[in-house]
Amino acid sequence: MSKNWRPATQLVHGGTLRSQYGETSEAIFLTQGFVYDSSEAAEARFKGETDGFIYARYGSPTNDMFEKRMCMLEGAEDARATASGMAAVSSAILCQVKAGDHIVAARALFGSCRWVVETLAPRYGVECTLVDGRDLANWEKAVRPNTKVFFLESPTNPTLEVIDIAGVARLADQVGAKLVVDNVFATPLFQKPLELGAHVVVYSATKHIDGQGRCLGGVVLSNKQWIDENLHDYFRHTGPAMSPFNAWTLLKGIETLPLRVKQQTENARRVADFLADQPQVARVIYPGRRDHPQADLIAKQMSGGSTLVAFELKGGKDAAFALQNALEIVRISNNLGDSKSLITHPATTTHKNLSDEARAELGISAGTVRYSAGIEDSDDIVEDFAQALKHVRA
Ligand SMILES: Cc1ncc(COP(=O)(O)O)c(C=O)c1O
């Protein structure tokens, strides 16, 4: 396999493992176990003296194809496919900490991710400090002698704030911590955390990688040493493995990732530009626009815009609900990265469990709405927003 393939080629051919039948599409190996030719062969496999699969909780051929394809795209040496994005996040963090360790995480995290570091980890004696991740000085101030892990997502959900990944990675190296980046919002096409110095990257493959609303999945990627020393045993013995059927679905999904993300980004940009000119809209946050507060950092660390748009309606919750209810093509759903355009009101859905104060810290108001662009015709989507806004008072 050529390492020099460009992403669109990697995503169609990378990691392919053809069986003796020479199938065009990747095969689904729906098997729990594997048989050995002899007792000696089983012994050698268990000793690690021969290559091959042992048990589907450890690894299996369809999952292996998905992992190898993701490694190629990400520039990672090794990966583990997980049953969901949260299985990837929790495994990536918990596999490398022990009681007495400390985590520093950006406070603008997807709700379940925040629960893992803020609520779950302390139950096992791992303390966590949440910081406003946009300012590097906050990371530095939060570091303790026992800090082992830095964790962030960028751009963040839902307000699309951006964190300086290279800056946080440099600090992590200085203090001997490992930086884990949740790269879901950027997609593997628009941001390469490992190239920016991060040590571990995680995805919810449920989002753009499947991108067609079919299955949950996740993946943890890093160098071989980190996986061997941290994730390997944790993964085998706690069992977050992905189903081979889902690995197959994701292999099919990922083939069209660049085509979908291109159209989604175009639709998101068109909607952002349209909304910015509407009297009912107080502000639009879109990583591809020059008026994003961190436009310079975005230009430095991302190669594309975003498939998501956040915006604030002047009329608060009533206006947000009226807009969502009036949309005809764009559907109300808290998922994202789908080929169908989706919209959600974070204050009453994805971020409802945060206190009013925590929501305000993250810039989520009663009028904040998050749009996840689909792959529909841009004109139809803009026209849908235009007709729906007629139901919203300025
Ligand atoms: C940024 C981010 N990280 C992690 C997850 C968790 O992924 P999953 O739902 O596949 O477990 C999500 C979405 O749900 C997300 O938006």
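Residues numbered from 1 in each chain as written. Predicted model: local features only at pLDDT ≥ 70, side-chain atom pairs only at ≥ 80, totals over all residues. Heavy atoms only, no water.

As annotated in an unreviewed UniProt entry, the protein chain carries the name O-succinylhomoserine sulfhydrylase and comes from Sinorhizobium kostiense. UniProt's Function (unreviewed entry) comment on the protein chain is quoted here verbatim: "Catalyzes the formation of L-homocysteine from O-succinyl-L-homoserine (OSHS) and hydrogen sulfide." According to the UniProt record, the Sequence similarities (unreviewed entry) comment for the protein chain is "Belongs to the trans-sulfuration enzymes family. MetZ subfamily." (UniProt positions renumbered as here; feature names shortened; annotations may be inferred.)

A few words on the overall build of the protein chain. Secondary structure summary: the protein chain contains 16 helices and 12 strands in total. Relative to the compact-globule value of 21 Å for 394 residues, the protein chain shows a C-alpha radius of gyration of 22 Å, a close match. Across its three principal directions, the C-alpha atoms of the protein chain cover 75 × 55 × 35 Å. Put simply, the protein chain has 394 residues, and 57% of those count as buried. The contacts of the protein chain with a sequence gap of at least 6 include a subset with a gap of at least 24, amounting to 73%. Per element, the accessible surface of the protein chain, about 17000 Å² overall, is 50% carbon and sulfur. Side chains of the protein chain give 42 positive and 47 negative charges; the mean places of these two sets differ by 1 Å. (Helix = DSSP H or I, 4+ residues; strand = E, 2+ residues; numbered from the N terminus. Rg over C-alpha atoms; globule rule 2.2 N^0.38 Å. Buried < 20%, exposed > 50% of the residue type's maximum accessible area, 1.4 Å probe, protein only. Contact = heavy atoms within 4.5 Å. Areas by Shrake-Rupley, 256 points an atom, 1.4 Å probe, with all protein chains shown as cover. Lys, Arg positive; Asp, Glu negative; His and termini not counted. Charge placed at Lys NZ, Arg CZ, Asp CG, Glu CD.)

Another point: the site of the ligand. Near the ligand, the surroundings consist of 14 residues, among which Met86, Asp182, Ser204, Thr206 and Lys207 are the closest. Between the ligand and the protein, one listed contact pairs an oxygen atom with a backbone N or O atom of Met86 at 2.8 Å. Mapped onto the shell around the ligand, the elements with two or more residues apiece are helix H4 (85-94) and helix H9 (206-210). (Near = heavy atom within 4 Å. Polar contact = N/O pair within 3.5 Å; in protein donor to acceptor, adjacent residues only side chain to side chain.)

Moving on, we get to the domain arrangement of the protein chain. Per the domain assignment, the segments of the protein chain are domain 1 (7-254) and domain 2 (257-389). Using C-alpha coordinates to define each centre, domain 1 is positioned 27 Å away from domain 2. Both faces combined, the contact of domain 1 with domain 2 buries some 3100 Å², and carbon together with sulfur accounts for 61% of it. Per-residue buried area on domain 1 facing domain 2 is highest for Leu160, Phe190 and His208; these three make up 23% of the total on that side. Our enumeration of links across domain 1 and domain 2 arrives at 1 salt bridge. Ionic pairing is found between Arg107 and Glu361, a salt bridge with its closest N-O pair at 3.7 Å. The interface formed by domain 1 and domain 2 holds 17 residue pairs in polar contact (both at pLDDT 80 or more) in total. Sorting the residues of the side of domain 1 that touches domain 2 by element identifies helix H1 (7-13), helix H7 (165-175), helix H8 (187-190), H9 and helix H11 (244-255) as the ones contributing at least two each. Classifying every residue of the side of domain 1 that touches domain 2 by side-chain character gives 21 nonpolar, 10 polar and 7 charged. (Domains from an automatic or database assignment. Buried area = accessible area lost by both parts, 1.4 Å probe. Salt bridge = Lys/Arg side-chain N within 4 Å of Asp/Glu carboxyl O. Nonpolar A, V, L, I, M, F, W, Y, C, P; charged D, E, K, R; others polar.)

Spanning 13 residues, helix H5 (residues 111-123) covers 18 Å between terminal C-alpha atoms, matching the ideal 18 Å at 1.5 Å per step. The largest bend in H5 is about 30 degrees, located at Val117. Considered for burial, the residues of H5 that qualify are Cys113, Arg114, Val116, Val117, Leu120 and Ala121. Taken together, the buried residues of H5 touch H4, strand E2 (102-106), strand E3 (127-131), strand E4 (147-153), strand E5 (178-182) and helix H15 (356-361). Positive phi shows up at Gly125, right after H5, with a value of about 80 degrees. (Expected span 1.5 Å × (residues − 1). Bend = angle between axes of the 7 residues up to and from the residue.)

Moving on, we come to the environment of Ile285. The topology assignment puts Ile285 in strand E8 (residues 281-285). For Ile285, a relative accessible area of 8% corresponds to the buried category. For the pair Ile285 and Arg393, spaced 108 residues apart in sequence, the C-alpha separation works out to 21 Å. When sequence neighbours within four positions are dropped, the list of residues in contact with Ile285 reads Thr159, Leu160, His292, Val309 and Ala310.

As a further point, take the sheet that holds strand E10 (residues 331-332). Read from one edge to the other, the open sheet built from 5 strands follows the order E8-E9-E12-E11-E10, with strand pairing classed as mixed. At either margin of the open sheet sits one strand with a lone partner, and together these are E8 and E10. Sheet analysis places E8 next to strand E9 (residues 308-313), joined by 4 bridges and oriented antiparallel. For Ile285, the partnering residue across the bridge sits in E9 and is Ala310. Sheet strands in contact with helix H14 (residues 316-326) are E9, E10, strand E11 (342-344) and strand E12 (368-372), and its direction is about 130 degrees off that of E9. (Pairing = 2+ DSSP bridges. Axes fitted to C-alpha atoms, helices over the stretch in contact; angles between N-to-C directions.)

What follows covers a nonpolar patch on the surface. A surface patch of nonpolar side chains, about 280 Å² in accessible area, is lined by Ile28, Leu30 and Phe245. With respect to the element layout, Phe245 can be found in helix H11. (Patch = residues over 30% accessible without salt bridge, like charges linked within 9 Å, V, L, I, M, F, W, Y side chains within 5 Å.)

Turning our eyes to something else, we now look at the UniProt feature "modified residue: N6-(pyridoxal phosphate)lysine" (unreviewed entry) in the protein chain. Those residues carrying the UniProt feature "modified residue: N6-(pyridoxal phosphate)lysine" (unreviewed entry) are Lys207 in this numbering. Among the structural elements, Lys207 can be located in helix H9. Looking at Lys207, the relative accessible area reads 16%, which means it is buried. Once residues within four sequence positions are removed from consideration, Lys207 is found in contact with Val184, Asn335, Leu336 and Gly337.

A complete count under the given rule lists 25 salt bridges for this structure. Between Glu118 and Arg114 there is a salt bridge, with the nearest N and O atoms lying 3.3 Å from each other. Residue Glu118 and its partner Arg114 are both found in helix H5; the two are separated by 4 residues, about one turn of the helix. Accessibility expressed as a relative area gives 9% for Arg114, which makes it buried. Of the charged contacts, one joins Glu312 and Arg283 as a salt bridge, the two residues approaching to 3.3 Å between their closest N and O atoms. Placement of the pair is Glu312 in strand E9 and Arg283 in strand E8, with a sequence separation of 29 residues. Connected through salt bridges with shared partners, the residues Arg107, Asp132, Arg134, Glu161 and Glu361 form a single ionic network.

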